[in-house]
Amino acid sequence: MKTKLIIISFFVVMLSGCTQNIEPVAPDIENEPSRLFSSSFESNGNAFIGEWISPGPPIVKFSIRVPPGGGNFSIYLKARSLGAFVSKNIKALTGIHNYHLTFWSKSTEDPGSLAIYKLNGNTKTLLKKQFITENNWTKYTIDFELNASSNEDIQILLGGSNFTSPQGYTYFDLIDLHNID
């Protein structure tokens, strides 16, 4: 009887140690000098839009559907015709540089998109655009070259689906921009 009690107690102690929630660790941008920007739409285990510019709810929402390694939250956008866009401006490196952007995304119904623009004041020039056509989480990669002056930015623009009926959703997570010179 004592042996059974000890064995049961041992398993209870082991199981109680297995219930700890482990928070995802945010990337340390300062220790990765080639990383210019990283976003996982969460902070300290909570949904977080960060410095993304958004028209606000109900167009942009958080989801607990995440890609592998995506932590606890992603965002999803409804139809572009309703204003479902989220953007982030990042200071471009001066001169000619090569960049590498990775992100995870998926779409329902019809494709959403991620576009990269060069911004110079009010002038916006499209550099690359990736349509999100997969309905399962997929990792996308965009490489591009940019010749920028000191007053120019790179804009990452996330866009929802194209149509309002039937309404699709486009999910985004784990967005990383690196300089690859």
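Everything discussed here concerns the structure shown above.
Criteria and cut-off values
Residues numbered from 1 in each chain as written. Predicted model: local features only at pLDDT ≥ 70, side-chain atom pairs only at ≥ 80, totals over all residues. Heavy atoms only, no water. Buried < 20%, exposed > 50% of the residue type's maximum accessible area, 1.4 Å probe, protein only. Helix = DSSP H or I, 4+ residues; strand = E, 2+ residues; numbered from the N terminus. Pairing = 2+ DSSP bridges. Core = buried A, V, L, I, M, F, W, Y, C linked by side-chain atoms within 4.5 Å. Contact = heavy atoms within 4.5 Å.

A. Quick peek at the pairing of strand β1 (residues 35-39). Of all 5 residues that make up β1, 4 are buried, and the element is covered over most of its length. Where β1 meets strand β12 (residues 170-179), 4 bridges bridge the pair, whose relative direction is antiparallel. Each residue of the ladder has a partner; that of F37, found in β12, is L177.

B. Structural detail: unusual backbone geometry. With phi around 65°, E109 is a residue other than glycine that occupies positive phi space. For E109, the position within the fold is in the loop between β7 (95-107) and β8 (112-120). Overall, E109 belongs to the exposed group, its relative accessible area being 59%. The phi dihedral of L174 is positive, around 50°, even though this residue is not glycine. Note on placement: L174 falls in strand β12.

C. Broad picture of the nonpolar core. L101, F103, L114, I156, L158, F172 and I175 are the most contacted members of the largest nonpolar core, which has 28 residues in total. Of all elements in the fold, only β5 (74-77), β6 (85-91), β7, β8, β10 (138-148), β11 (153-159) and β12 reach the threshold of two or more residues within this core. Of all the elements, β10 adds the most residues to this core, at 5 residues. When neighbours within four sequence positions are excluded, I175 is seen to be in contact with F37, S38, S39, F41, W52, L101, T102, F103, I156 and L158. Ranked by size, the runner-up nonpolar core spans 5 residues in total, among them Y76, W104, W137 and L174.

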